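# Descriptive structure summary
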Amino acid sequence: MASEQPLAAVTCTAPVNIAVIKYWGKRDEELVLPINSSLSVTLHQDQLKTTTTAVISKDFTEDRIWLNSREEDVGQPRLQACLREIRRLARKRRNAWDGDPLSSSLSCKVHVASVNNFPTAAGLASSAAGYACLAYTLARVYGVESDLSEVARRGSGSACRSLYGGFVEWQMGEQTDGKDSVARQVAPESHWPELRVLILVVSAEKKLTGSTVGMRASVETSPLLRFRAEAVVPARMAEMTRCIRERDFPGFAQLTMKDSNQFHATCLDTFPPISYLNAVSWRIIHLVHRFNAHHGDTKVAYTFDAGPNAVIFTLDDTVAEFVAAVRHSFPPGSNGDAFLKGLQVRPAPLSAELQAALAMEPTTPGGVKYIIATQVGPGPQILDAPSAHLLGPDGLPKPAA
Ligand code: DP6
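Residues numbered from 1 in each chain as written. Predicted model: local features only at pLDDT ≥ 70, side-chain atom pairs only at ≥ 80, totals over all residues. Heavy atoms only, no water.

Under the annotation held in an unreviewed UniProt entry, the chain carries the name Diphosphomevalonate decarboxylase and is attributed to Macaca mulatta. Word for word, the UniProt comment on the chain under Function (unreviewed entry) is "Catalyzes the ATP dependent decarboxylation of (R)-5-diphosphomevalonate to form isopentenyl diphosphate (IPP). Functions in the mevalonate (MVA) pathway leading to isopentenyl diphosphate (IPP), a key precursor for the biosynthesis of isoprenoids and sterol synthesis." (UniProt positions renumbered as here; feature names shortened; annotations may be inferred.)

In structure tokens, the structure reads:
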């Protein structure tokens with residue numbers, strides 16, 4: 001079929017975020033409204049990002065989507081909710097501004113392709129980056145300039161926090177229509193340059209209980225979750241914001257660990273109980289506490305989402321020693337892959353004193369599969385070069401180079 005030129009093609013990238021005050025539980029499943037506010041750190045896209053291309057053309061007969069080069073069902077309810085919402089916002093804008101040259105684009109179908117630069121199977125939160133990137137890219141292609149929290153949120157709640165770089169809060173809001181349930185930047189990525197993030201990839205297996213199903217069960221059965229949302233999180237949001245503003249690392253680290261632990265406690269308080277941490281996760285928890293005790297100071301923090309992988313926060317002066325401690329306690333497997341990916345970390349010796357303080361016999365190799373070293377990063381970006389597009393002028397995925 002001879003194609004006309006597409007009306008528009010846009011490619012953007014978006015980051016992964018990791019919550020330090022966790023979102024767990026919805027008060028409205030349809031609108032994806034949370035029972036508590038949450039706060040996250042945006043990770044750098046040099047190490048972890050989603051790239052998405054959206055193309056609209058009069059030639060297309062249906063909306064289509066490809067994820068990591070495989071065509072997926074565009075009828076998925078969450079995807080449909082995002083598409084509906086962006087088109088509604090686009091229509092609103094067009095009505096306000098007559099004579100828009102792009103107004104015909106609204107009746108056009110869209111093709112979307114999306115890839116991650118990290119293995120989806122690693123169990124890292126890919127849905128947040130994915131839906132943030134979808135919202136951001138669709139907004140550019142349809143000329144929408146309003147707040148995109150709602151579009152991203154309808155895909156996956158935590159995705160609205162990936163719309164900004166640095167440190168981001170998702171204010172739960174009070175309105176029943178969710179208009180005030182929005183993500184806002186607390187501080188930009190340049191605010192705390194010494195902060196480092198290590199992702200300890202423990203398991204590449206698909207998790208037993210997904211977040212959506214898990215949090216629904218927790219809302220229905222856990223009295224602890226209700227208590228957490230009403231009586232604990234509001235003060236923690238304020239305290240976490242202060243720690244970030246003042247770059248108070250021990251305060252930030254302690255609250256991060258406590259909030260992760262409370263989230264996992266609400267999972268255990270769910271009936272039937274949910275458990276995301278495994279034996280390796282628990283060894284990492286002990287390792288962090290012993291490392292801190294040895295230094296007489298909180299130098300490292302862990303946090304875990306709905307899976308066994310650990311995300312570690314520390315400062316640049318501590319990274320090398322902590323990586324040495326991880327290497328000692330979790331000897332790398334011999335799969336030939338690099339144990340440390342991402343930012344360079346200079347090799348450091350492990351002192352006999354620290355080794356004794358850790359009091360940990362090395363496990364069988366491969367408990368921690370690998371580490372991704374990264375830092376705080378910026379929000380979504382637009383890629384201008386046409387070569388960046390994942391879809392060709394015909395609107396189909398370009399053959400992999
Ligand atoms: C444990 O955003 O994946 O990572 O809104 O149902 O898609 P849905 O859930 P999702 O939940 C994330 C939960 C968490 C904590 C967090 O990121 O705040």
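As a further point, take the domain arrangement of the chain. The domain architecture assigned to the chain consists of domain 1 (8-188 + 379-388) and domain 2 (195-375). On the domain 2 side, the residues contacting the 31 residues of domain 1 number 47 residues. The contact between domain 1 and domain 2 buries some 3,100 Å² in all, and 70% of this surface belongs to carbon and sulfur atoms. Ranking the residues of domain 1 by area buried against domain 2 places Ile21, Lys22 and Trp24 at the top, with a combined share of 27%. Counting every contact that joins domain 1 to domain 2 gives two salt bridges. Notably, a salt bridge pairs Lys22 with Asp305, separated by 2.6 Å at the nearest N-O pair. In this structure, the connection of domain 1 to domain 2 is made through nine residue pairs in polar contact (both at pLDDT 80 or more). Secondary structure elements with two or more residues in the side of domain 1 that touches domain 2: strand E2 (17-21), strand E5 (38-42), strand E10 (167-170) and strand E11 (183-187). Taken together, the residues of the side of domain 1 that touches domain 2 break down into 18 nonpolar, eight polar and five charged. (Domains from an automatic or database assignment. Contact = heavy atoms within 4.5 Å. Buried area = accessible area lost by both parts, 1.4 Å probe. Salt bridge = Lys/Arg side-chain N within 4 Å of Asp/Glu carboxyl O. Polar contact = N/O pair within 3.5 Å; in protein donor to acceptor, adjacent residues only side chain to side chain. Helix = DSSP H or I, 4+ residues; strand = E, 2+ residues; numbered from the N terminus. Nonpolar A, V, L, I, M, F, W, Y, C, P; charged D, E, K, R; others polar.)

This next bit is on empty space enclosed by the protein. If you walk through the whole model with that rule in mind, you get one cavity of 30 Å³ or more. For the largest cavity, the full set of lining residues is Asp63, Arg64, Ile65, Val74, Leu79, Leu83, Val110, Val112, Leu134 and Leu138. When grouped by side-chain class, the residues that make up the lining of the largest cavity number eight nonpolar, no polar and two charged. (1 Å grid on protein atoms, 1.4 Å probe; cavity = no way out; pocket = protein on both sides within 12 Å on 5 of 7 lines; lining within 4 Å. Points joined across faces, edges and corners; volume = space filled by probe spheres on them.)

Glancing now at the packing of helix H5 (residues 223-245) against helix H6 (residues 249-269). At a minimum axis separation of 11 Å, H5 and H6 run at an interaxial angle of 165 degrees. Judged by the inter-axis angle, H5 sits roughly antiparallel to H6. Relative to H6, the crossing made by H5 is left-handed. In contact with Pro223, Leu224, Leu225, Arg228, Val232, Arg236, Glu239, Met240, Cys243 and Ile244 of H5, H6 contributes Gly251, Phe252, Leu255, Thr256, Lys258, Asp259, Gln262, Ala265, Thr266 and Asp269. Residues of the contact of H5 with H6, tallied by class, amount to ten nonpolar, four polar and six charged. (Axes fitted to C-alpha atoms, helices over the stretch in contact; angles between N-to-C directions. Parallel < 35°, antiparallel > 145°, perpendicular 65-115°, else oblique. Left-handed = near helix turned anticlockwise from the far one by under 90°.)

A few words on the side chain of Ser114. Take Ser114: it is sitting in strand E9 (residues 109-116). A polar contact of 3.0 Å, which involves the side chain of Ser114, links it to the side chain of Thr52.

The next point concerns the pattern of salt bridges. Across all of its chains, the model carries 16 salt bridges by this definition. We note a salt bridge from Glu71 to Arg64, for which the minimum N-O separation is 2.8 Å. We note a salt bridge from Arg70 to Glu72, for which the minimum N-O separation is 3.8 Å. With a relative accessible area of 56%, Arg70 lands in the exposed category. Each of Glu30, Glu150, Arg154 and Lys179 takes part in salt bridges that share partners, so that together they form one network. (Buried < 20%, exposed > 50% of the residue type's maximum accessible area, 1.4 Å probe, protein only.)

Contacts to the ligand come from 17 residues, most closely from Tyr23, Lys26, Ser156, Gly157 and Ser158. At 2.7 Å from an oxygen atom of the ligand is found a side-chain nitrogen or oxygen belonging to Lys26. Ser211 has a polar side-chain atom sitting 3.5 Å from an oxygen atom of the ligand. Relative to its free-state accessible area of 470 Å², the ligand is covered by the protein chains to the extent of 93%. (Near = heavy atom within 4 Å. Areas by Shrake-Rupley, 256 points an atom, 1.4 Å probe, with all protein chains shown as cover.)

We now examine the packing of helix H7 (residues 279-295) against helix H8 (residues 319-329). At a minimum axis separation of 11 Å, H7 and H8 run at an interaxial angle of 135 degrees. Comparing the axis directions of H7 and H8 gives the class oblique. Considering how the two elements wind past one another, H7 and H8 form a crossing that is right-handed. Residues Arg283, Leu287, Val288, Phe291 and His295 of H7 form the contact with H8, whose own contacting residues are Glu321, Phe322, Ala325, Val326 and Ser329. Considering only residue class, the contact of H7 with H8 consists of six nonpolar, two polar and two charged.

Spatial ordering of the open sheet is given by E13-E14-E12-E16-E15, a layout of five strands whose pairing is mixed. Single-partner strands in this sheet number two, and they are strand E13 (300-303) and strand E15 (340-342). If you compare each strand with its neighbour and ignore which way they point, the axes differ by 25 degrees on average. Of the pairings in the sheet, the one linking E13 to strand E14 (residues 310-315) comprises four bridges and is antiparallel in character. By the bridge assignment, Tyr302 is partnered in E14 with Ile312. Sheet strands in contact with H6 are strand E12 (195-201), E13 and E14, and its direction is about 25 degrees off that of E13. Strands E12, E13 and E14 of the sheet are contacted by H7, whose axis makes an angle of about 160 degrees with E13. (Pairing = 2+ DSSP bridges.)

With that settled, the discussion passes to the sheet that holds E11. Spatially, the four strands line up as an open sheet ordered E2-E5-E10-E11, and their pairing is antiparallel. In this open sheet, the two strands that pair with only one neighbour each are E2 and E11. Strand-to-strand twist across the sheet, computed as the mean angle between neighbouring axes with direction ignored, equals 35 degrees. As paired elements, E5 and E10 share four bridges and run antiparallel to each other. Paired with Val41 across the bridge in E10 is Phe167. In this fold H6 packs onto E2 and E5, with an angle of close to 90 degrees to the strand it touches most, E2.

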